[in-house]
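Listed below are the residues making up each chain.
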Amino acid sequence: MLATESGIYRVINTRTILPLWTEGKAKQILRVEQTLEQNRVIESFYFLTSKGILFSRDLKIFEYRNEGLPVLTIKKYDGKEVTFEKQVADIKDISYNPEKPQQMVCATKDKVYLSEDAGLTWKYYDAPRAGSSGVKAVAVASMRVKKDESYVKEDYVFCSHATLGFFYSKLESKRFNTAVTGLAGADPNVGSDEVSDILPVLCKAEDGTVYTELFLSQTFIPRIYRFDFEKKKSICIYKGSEPADTIDGLYLADSSIIYMSPKEIKAFDINTGKEPKMVSKFKDWKNIAGLSPSPIFAAWIPQSETGYKTSVVLNELWLLNSEQVSSPYAKQICDQKSLYIPCYQAYLPDGISKFKKIILDNDLNSLVIDMKDDYGLLRYDSKDPEVLKKGKISQYAVNLEHFVSEFKKDNIYMIARIVVFKDRNLSLYSNGKYAVWNKATDKPWVGTKGYEVDEEGNKTLSYYDENWVDPYCPEVWEYDVAIAKELIARGFDEIQFDYIRFPTDGTNMGNASFRWHSPGMDKESALISFLSYARENIDAPIGIDIYGANGWYRTGARTGQDVETLAEYVDIICPMFYPSHFENQFLNYEPYEERPYRIYFYGTYRNTIIARNKIVVRPWIQTFFLNVPYDKKYYDAEYVRKETFGVRDSVNRGYMHWNNGGNYSKLSPDPADAVYTGKAYEANPKYRKPAIGVKEENPIDEAVVSGTKSDQEAIEIWENVLNQNKDNL
């Protein structure tokens with residue numbers, strides 16, 4: 001059985017699969033076992049889908065189990081009317097108590113929910129920190145607790161968070177406590193890194209009593225741990241050798257933990273502790289996964305096909321094809337190596353020739369240029385009357401036909417950058433109709449920095465040089481998408497939206513009012529609504545720029561830029577992993593000069609894993625100096641070169657050079673296949689390059705999706721394996 005982008009399917013044979021449920025995307029499978037009288041085992045299945053939690057006992061009848069889960073309100077706009085759609089908030093993980101199958105937990109990006117009736121109803125349980133997105137995994141288990149001279153069992157909920165760590169809570173207390181001791185971190189200066197999965201395992205003591213052990217893995221570091229519940233400490237039982245690697249989708253089969261890693265399905269025997277090995281039926285399982293009619297996320301393999309005494313569930317199965325990008329524009333958007341061109345220089349007579357030479361001399365193949373800038377000014381000669389109603393053309397606008405034709409002569413790929421919600425021009429339009437509003441002054445809101453005091457002691461309130469429009473407003477979406485459509489029609493290949501976020505800076509943030517907000521909406525649903533509208537109306541690749549921290553961690557904190565969510569609607573994500581923008585101690589250890597390589601190597605890998613390969617991660621390269629301690633000591637041409645090598649060795653799908661003033665004196669040619677001569681240990685050729693995995697040249701033949709269920713023999717085999725007796729203790 002396959003859980004895929006287009007639904008749930010069952011495999012009949014090597015050429016035929018049948019649809020079971022096709023109402024949306026299915027991304028995770030939870031198989032629940034319950035032992036009845038005479039050791040008879042029954043099993044049922046839960047699926048995490050784009051419609052919420054789906055349940056089936058026989059894989060014929062499916063029912064939703066969403067009661068009590070939060071709902072997002074998505075605003076839809078057809079150019080005339082606004083309507084609303086309700087959708088269950090994205091469920092990040094689901095698990096059950098192996099000793100009490102009716103007891104379950106699931107989690108959204110920032111909250112944990114509990115069910116005591118097998119998912120029929122859910123109730124909010126707790127959050128690692130109120131309002132902090134970044135939850136990755138959850139579990140619930142009956143743990144053995146020592147009281148006096150004997151042991152008793154108490155129910156506990158467990159949760160992992162991208163930035164806050166690993167948590168546990170006694171079920172009845174509803175209060176999470178941190179337990180990060182023993183967990184490794186990618187950065188020795190920061191601490192523990194994200195826990196990817198939590199696996200409760202039933203064990204038998206010598207006296208025959210059953211108890212639960214907990215096993216953990218990490219998302220960006222190859223580690224498996226046994227959690228010492230009594231000491232609240234993680235004990236590392238496996239440490240992989242790759243500097244950037246992933247272990248996820250833990251599942252117990254006999255005495256082995258089966259898990260997913262880039263290009264691999266491995267098994268780690270928890271009894272022997274020996275080096276993990278590729279599962280014996282790897283090729284068979286890979287062939288089964290290869291039958292999927294759309295990108296695959298999970299699979300259930302019946303016992304007869306596993307080589308174990310039990311069936312196997314494979315989650316995070318997209319890692320098997322980690323080198324692939326599932327965007328329909330994958331071939332077009334991969335391997336674009338770009339130069340940002342300041343528009344105020346490009347409009348000059350020699351501007352085009354200057355930047356074309358830089359691109360060609362440095363083995364680049366694409367450009368990025370502002371077509372609507374940070375102030376909302378149009379940097380091209382728009383011909384669209386609807387755009388011109390609200391837009392203002394800059395005096396430095398380029399002649400678009402001439403500009404495009406000159407770069408197309410050399411087959412240079414063209415990306416139009418459009419600054420969206422930071423827009424001074426539009427915020428002042430029609431008496432501030434679209435502006436984020438200051439409810440205290442009843443005027444368009446502008447963030448305040450604080451008071452400046454002159455020599456005479458006079459105080460003057462200073463402001464950020466930023467004006468914002470309301471991200472909830474469909475007419476703002478319509479305006480920006482109209483600009484994008486015109487630019488594609490007039491020769492650009494790709495749209496890049498910047499400032500796809502809410503304002504974050506200002507001592508007066510509490511006065512910011514969003515008048516176009518609709519009941520039930522939040523920052524996440526506003527960005528989803530805009531990008532959904534853009535996706536429906538722009539027939540071209542769409543990219544977005546994000547903060548480096550939002551690409552490094554699984555969180556949309558402050559900005560609403562949640563990579564997992566945004567990746568559903570765009571094709572390229574462009575994180576700003578500028579070393580100068582991270583705290584000075586971040587990844588700053590010996591050899592210190594390798595910090596730029598490290599940041600781009602790990603950052604590009606992490607962002608790609610978080611997005612589950614739905615998009616191309618194309619980072620912005622810091623090709624500029626900032627007056628911070630690290631740059632003062634190290635910034636030079638080698639600094640920039642190390643950044644590009646880091647991207648190449650990590651995922652190798654392209655990058656973009658940023659220098660706001662167009663000064664590219666520190667630029668070096670694209671590294672291509674050149675040997676990296678720096679001292680970063682991650683660059684050693686003994687490690688996997690690129691870290692995300694190497695593309696295979698022999699794809700599996702596609703299977704035929706049959707709309708009927710006429711293969712009676714296959715159906716009988718299917719139903720037989722669903723009713724096998726198993727003892728998984």
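Remember, it's a predicted structure, so these values are computed and weren't measured experimentally.

Colleague: In this structure, what is going on with the pattern of salt bridges? I would like to understand it.
Modeller: Side chains that carry opposite charge are capable of pairing whenever their charged atoms lie near each other. Applying the stated criterion across every chain, the model contains 55 salt bridges. Residue K153 pairs with E99 through a salt bridge whose shortest N-O separation is 2.5 Å. Placement of the pair is K153 in strand β15 (residues 150-161) and E99 in the loop between β10 (93-97) and β11 (100-107), with a sequence separation of 54 residues. Given a relative accessible area of 27%, E99 falls into the partly exposed group. Across the pair E406 and K409 runs a salt bridge whose closest N-O atoms are separated by 2.8 Å. A relative accessible area of 18% places E406 in the buried class.

Colleague: Just checking my understanding: could you explain the pairing of strand β39 (residues 542-547) for this structure?
Modeller: Every other side chain in a regular strand lies on the same face of the sheet, so the side chains alternate between the two faces. Along β39, five of the six residues are buried, which leaves the element largely enclosed by surrounding structure. The sheet contact formed by strand β37 (residues 494-498) and β39 spans three bridges and is parallel. Bridging from a neighbouring strand, F497 pairs with I544 of β39. In the sheet, β39 pairs with strand β40 (residues 572-576) via five bridges, with the strands oriented parallel. Its bridge partner lying in β40, I544 is registered against I573.

Colleague: Any chance you could explain the packing of aromatic side chains here in plain terms?
Modeller: Any two aromatic rings considered together are summarised by their centre-to-centre distance and by the angle between their planes. The final tally for this structure, using the stated rule, is 46 aromatic pairs. Ring centres of F45 and W300 lie 5.3 Å apart, and the angle between their planes is 75 degrees; this geometry places the pair in the edge-to-face category. Of this pair, F45 sits in strand β5 (residues 41-49) while W300 sits in strand β26 (residues 296-301), and the two are 255 residues apart along the sequence. Overall, the relative accessible area of 0% leaves F45 in the buried class. With centroids separated by 5.3 Å and ring planes inclined at 70 degrees, the aromatic side chains of Y347 and Y396 adopt a geometry described as edge-to-face. Within this pair, whereas Y347 is found in the loop between α3 (343-346) and α4 (351-361), its partner Y396 is found in strand β31 (residues 392-398), the two being separated by 49 residues in sequence.

Colleague: Can you walk me through a nonpolar patch on the surface in this structure?
Modeller: A cluster of nonpolar residues, Y344, Y347, L348 and Y396, forms a patch on the protein surface that exposes about 350 Å² of accessible area. What makes Y347 partly exposed here is its relative accessible area of 35%.

Colleague: Before we go on, may I ask you to explain α4 in this structure?
Modeller: Given 3.6 residues per turn, any residue in an α-helix points the same way as the ones three and four places further on. Among the residues of α4, G351, I352, F355, K356, I358 and I359 are the ones counted as buried. One face of α4 carries all of its buried residues, which in axial projection span an arc of 160 degrees. Among the residues trailing α4, D363 stands out with phi positive, at a value near 55 degrees.

Colleague: I tried to follow helix α1 (residues 282-289) on my own but got confused; where do I start?
Modeller: Here α1 has its buried residues at F282, W285, K286, I288 and A289. Down the axis of α1, the buried side of the element spans an arc of 160 degrees, and every buried residue falls inside it.

Colleague: Help me out: how do you make sense of the sheet that holds strand β24 (residues 264-269) in this one?
Modeller: What links the strands of a sheet is backbone hydrogen bonding, and the strands pair in either a parallel or an antiparallel sense. Taken together, four strands build an open sheet; the order of strands is β22-β23-β24-β25 and the sheet is antiparallel. Two strands lie at the open edges of the sheet, namely β22 (248-253) and β25 (277-278), each paired on one side alone. Two elements, β24 and β25, share two bridges in a ladder whose sense is antiparallel. Across the sheet, residue K266 finds its bridge partner in β25, namely M278.

Colleague: I'm lost on the side chain of T219 in this one. Help?
Modeller: Within the secondary structure, T219 is located in the loop between β19 (210-218) and β20 (223-228). Here T219 falls in the buried class, since its relative accessible area comes to 1%. Among the polar contacts made by the side chain of T219, one reaches the side chain of E194 at a distance of 2.6 Å.

Colleague: Would you mind going over the nonpolar core with me for this structure?
Modeller: Considering soluble globular proteins, one finds that nonpolar side chains tend to be buried as a cluster. Among the nonpolar cores identified, the biggest contains 163 residues, and I258, I265, M371, F403, L487, F492 and F497 are the most heavily contacted of them. In contact with I265, not counting residues within four places along its chain, are I258, Y259, M260, K277, M278, V279, F282, W285, L314, L317 and L320. Among the nonpolar cores identified, the runner-up in size contains 21 residues, and M143, F158, A186 and I221 belong to it.

Colleague: What is the right way to read the sheet that holds β19 from this model?
Modeller: Within the open sheet, the four strands sit side by side as β18-β19-β20-β21. Their pairing is antiparallel. Each having just a single partner strand, β18 (195-204) and β21 (233-239) make up the two edges of the open sheet. Averaged over all adjacent pairs, the angle separating strand axes in this sheet is 30 degrees, with direction ignored. In terms of strand pairing, β18 meets β19 through nine bridges, oriented antiparallel. The residue bridging C203 from the neighbouring strand is Y211, located in β19.

Colleague: Is there a simple way to explain the confidence of the model for the protein chain in this structure?
Modeller: Interpretation of this model should avoid reading the predicted coordinates in detail wherever pLDDT is low. On average, residues of the protein chain score 93 in pLDDT, and 95% of them reach the 70 mark or higher. The low-confidence segment residues 708-729 (pLDDT under 50) makes 43 contacts with residues lying over four places distant or belonging to another chain.

Colleague: I'm lost on the packing of α4 against helix α6 (residues 400-408) in this one. Help?
Modeller: The geometry of a pair of packed helices is captured by two quantities: the angle between their axes and the separation between those axes. In the contact formed by α4 and α6, the axes pass within 11 Å of each other and the chain directions differ by 30 degrees. With respect to each other, α4 and α6 are oriented roughly parallel. At the point where α4 passes α6, the crossing takes the right-handed sense. Contacts between α4 and α6 pair I352, K356 and I359 from the former with H402, F403, E406 and F407 from the latter.

Colleague: What should I look at first to understand the pairing of strand β30 (residues 377-380) in this one?
Modeller: With three bridges connecting them, β30 and β31 associate as parallel partners. When the bridges of β31 are listed, L378 appears paired with I393. At this point the chain moves from β30, through helix α5 (residues 385-390), to the parallel β31, and the crossover so formed is right-handed.

Colleague: Please clarify how the environment of S665 should be interpreted in this entry.
Modeller: Its location among the elements puts S665 in the loop between β43 (654-658) and β44 (704-705). S665 gets classed as exposed once you look at its relative accessible area, which sits at 53%. When the C-alpha atoms of S665 and T623 are compared, they prove to be 9.0 Å apart, with 42 residues separating the residues in sequence. A distance of 3.1 Å separates a polar atom in the side chain of S665 from a polar atom in the side chain of N663.

Colleague: Teacher, can you tell me more about the packing of helix α12 (residues 595-610) against helix α14 (residues 637-650) here?
Modeller: Running from N to C, α12 and α14 point in directions that differ by 30 degrees, and their axes come no closer than 7 Å. Between α12 and α14, the angle falls in the class roughly parallel. Here the hand of the crossing between α12 and α14 comes out right-handed. In this structure, α12 uses P596, Y597, Y600, F601, T604 and Y605 to contact α14, whose residues at the interface are Y639, K642, E643, F645, G646, V647, D649 and S650.

Colleague: How should the environment of S430 be read in this particular structure?
Modeller: Mapped onto the fold, S430 is located in the loop between α7 (424-428) and β33 (437-438). Taking C-alpha positions, S430 is 8.9 Å from K390, a pair spaced 40 residues apart along the chain.

Definitions and limits used
Residues numbered from 1 in each chain as written. Predicted model: local features only at pLDDT ≥ 70, side-chain atom pairs only at ≥ 80, totals over all residues. Heavy atoms only, no water. Salt bridge = Lys/Arg side-chain N within 4 Å of Asp/Glu carboxyl O. Helix = DSSP H or I, 4+ residues; strand = E, 2+ residues; numbered from the N terminus. Buried < 20%, exposed > 50% of the residue type's maximum accessible area, 1.4 Å probe, protein only. Pairing = 2+ DSSP bridges. Phe/Tyr/Trp six-rings, centres within 6.5 Å; stacked < 30°, edge-to-face > 60°. Patch = residues over 30% accessible without salt bridge, like charges linked within 9 Å, V, L, I, M, F, W, Y side chains within 5 Å. Areas by Shrake-Rupley, 256 points an atom, 1.4 Å probe, with all protein chains shown as cover. Arc of directions from axis to C-beta. Polar contact = N/O pair within 3.5 Å; in protein donor to acceptor, adjacent residues only side chain to side chain. Core = buried A, V, L, I, M, F, W, Y, C linked by side-chain atoms within 4.5 Å. Contact = heavy atoms within 4.5 Å. Axes fitted to C-alpha atoms, helices over the stretch in contact; angles between N-to-C directions. pLDDT = per-residue confidence, 0-100. Parallel < 35°, antiparallel > 145°, perpendicular 65-115°, else oblique. Left-handed = near helix turned anticlockwise from the far one by under 90°. Right-handed = clockwise from strand over helix to strand, strands pointing away.

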